[in-house]
Amino acid sequence: AKNVVIGNGSKMLIYAILSSFKHANVFLVTPCWVSYEPQADLAKLNTVRIETTYEEGWRLTPERLRESLVQNSSEHTPSICIFNFPGNPDGLSYTDEEVKQLAAVFREFNVLVISDEIYGLLDHKGGHVSMARYYPEGTIVTSGLSKWCGAGGWRVGVALFPSSLES
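Residues numbered from 1 in each chain as written. Predicted model: local features only at pLDDT ≥ 70, side-chain atom pairs only at ≥ 80, totals over all residues. Heavy atoms only, no water.

**Things to note about the overall build of the protein chain**
- Regarding its fold elements, the protein chain presents four helices and seven strands.
- Over its C-alpha atoms the protein chain spans a radius of gyration of 15 Å, differing by no more than 12% from the 15 Å that the globule rule assigns to 167 residues.
- Residue pairs at least 24 apart in sequence account for 68% of intrachain contacts in the protein chain once pairs closer than 6 positions are excluded.
- As displayed, the protein chain has an accessible area near 8800 Å², and 56% of this comes from carbon and sulfur atoms.
- Treating the 14 positive side-chain charges of the protein chain as one cloud and the 18 negative ones as another, the clouds have centres 7 Å apart. (Helix = DSSP H or I, 4+ residues; strand = E, 2+ residues; numbered from the N terminus. Rg over C-alpha atoms; globule rule 2.2 N^0.38 Å. Contact = heavy atoms within 4.5 Å. Areas by Shrake-Rupley, 256 points an atom, 1.4 Å probe, with all protein chains shown as cover. Lys, Arg positive; Asp, Glu negative; His and termini not counted. Charge placed at Lys NZ, Arg CZ, Asp CG, Glu CD.)

**What to know about the packing of helix H3 (residues 62-72) against helix H4 (residues 96-108)**
- With their axes 9 Å apart at the nearest point, H3 and H4 run at an angle of 15 degrees to one another. When the axes of H3 and H4 are compared, the pair comes out roughly parallel. At the point where H3 passes H4, the crossing takes the right-handed sense. Listed contacts from H4 to Pro62, Leu65, Arg66 and Leu69 of H3 are Gln101, Leu102, Val105, Phe106 and Glu108.
- The class makeup of the residues in the contact of H3 with H4 is six nonpolar, one polar and two charged. (Axes fitted to C-alpha atoms, helices over the stretch in contact; angles between N-to-C directions. Parallel < 35°, antiparallel > 145°, perpendicular 65-115°, else oblique. Left-handed = near helix turned anticlockwise from the far one by under 90°. Nonpolar A, V, L, I, M, F, W, Y, C, P; charged D, E, K, R; others polar.)

**Description of a nonpolar patch on the surface**
- A contiguous nonpolar surface patch, about 490 Å² in accessible area, is contributed by Val4, Ile6, Trp154, Val156 and Leu160.
- Its location among the elements puts Ile6 in strand S1 (residues 4-7). (Patch = residues over 30% accessible without salt bridge, like charges linked within 9 Å, V, L, I, M, F, W, Y side chains within 5 Å. Salt bridge = Lys/Arg side-chain N within 4 Å of Asp/Glu carboxyl O.)

**Looking at the pairing of strand S4 (residues 79-84)**
- Counting buried positions over the six residues of S4 gives six, a clear majority of the element.
- Of the two faces of S4, the one lined by Ser79, Cys81 and Phe83 and the one lined by Ile80, Ile82 and Asn84 are each fully buried.
- In this sheet, S4 lies alongside strand S2 (residues 25-30) in parallel orientation, the contact comprising four bridges. By the bridge assignment for S4, Asn25 is matched with Ser79. (Buried < 20%, exposed > 50% of the residue type's maximum accessible area, 1.4 Å probe, protein only. Pairing = 2+ DSSP bridges.)

**Quick look at the sheet that holds strand S6 (residues 139-144)**
- Taking strand neighbours across the sheet as the criterion, the seven strands line up as S1-S7-S6-S5-S4-S2-S3 in an open arrangement whose pairing is mixed. Both outer strands of the open sheet, S1 and strand S3 (46-51), are each paired with one neighbouring strand and no more. Strand-to-strand twist of the sheet, defined as the mean angle between neighbouring strand axes without regard to direction, takes the value 20 degrees.
- Two strands pair when backbone bridges link them, and S4 and strand S5 (residues 112-116) are joined in this way by five bridges, in the parallel orientation. The residue bridging Cys81 from the neighbouring strand is Val113, located in S5.
- Where helix H1 (residues 10-19) meets the sheet, it contacts S1, S2, S4, S5, S6 and strand S7 (157-160), and its direction lies at approximately 170 degrees from that of S5.
- Most of the contacts of H3 go to S3, to which it runs at about 150 degrees, and overall it touches S2, S3 and S4.

**Structural notes on H1**
- Along H1, the positions that sit buried rather than exposed are Ser10, Leu13, Ile14, Ile17 and Leu18. Relative to the axis of H1, the buried residues are bounded by an arc of 140 degrees and lie together on one face. (Arc of directions from axis to C-beta.)

Rendered as structure tokens:
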């Protein structure tokens, strides 16, 4: 319970997390939800877009992630990646193996992952695998009521913090 924060919507919690940093590089897997970049801008953080392609099914690949981190990260500047899946606007999800491979790269570069999983419980076959399964020490999972229980307008969000971030 001490690692759970409830707020007025998952996007507000994501903004609160971003605002807790004085400086950071925020990596956005594009295409992505429209509010992530403005949230990072409001928090006065640098944004780095990791472009995906139609040919790769709009998926972030470990190679593309590593390339972007090598080019845009620094040991003196925290790296944060907002990782949304199943994705909005594309509905994209990742396999267990894909999540595992991405987690290895996030760990290698010590990236804080904000895993926006607000659509995770809408995988009716139960196939959604949280990033926190493979990178628990560096993943903050966010979700809320509005999508999975059809409660649009109910601004209740949750952020699940790893024990490694306790102060």
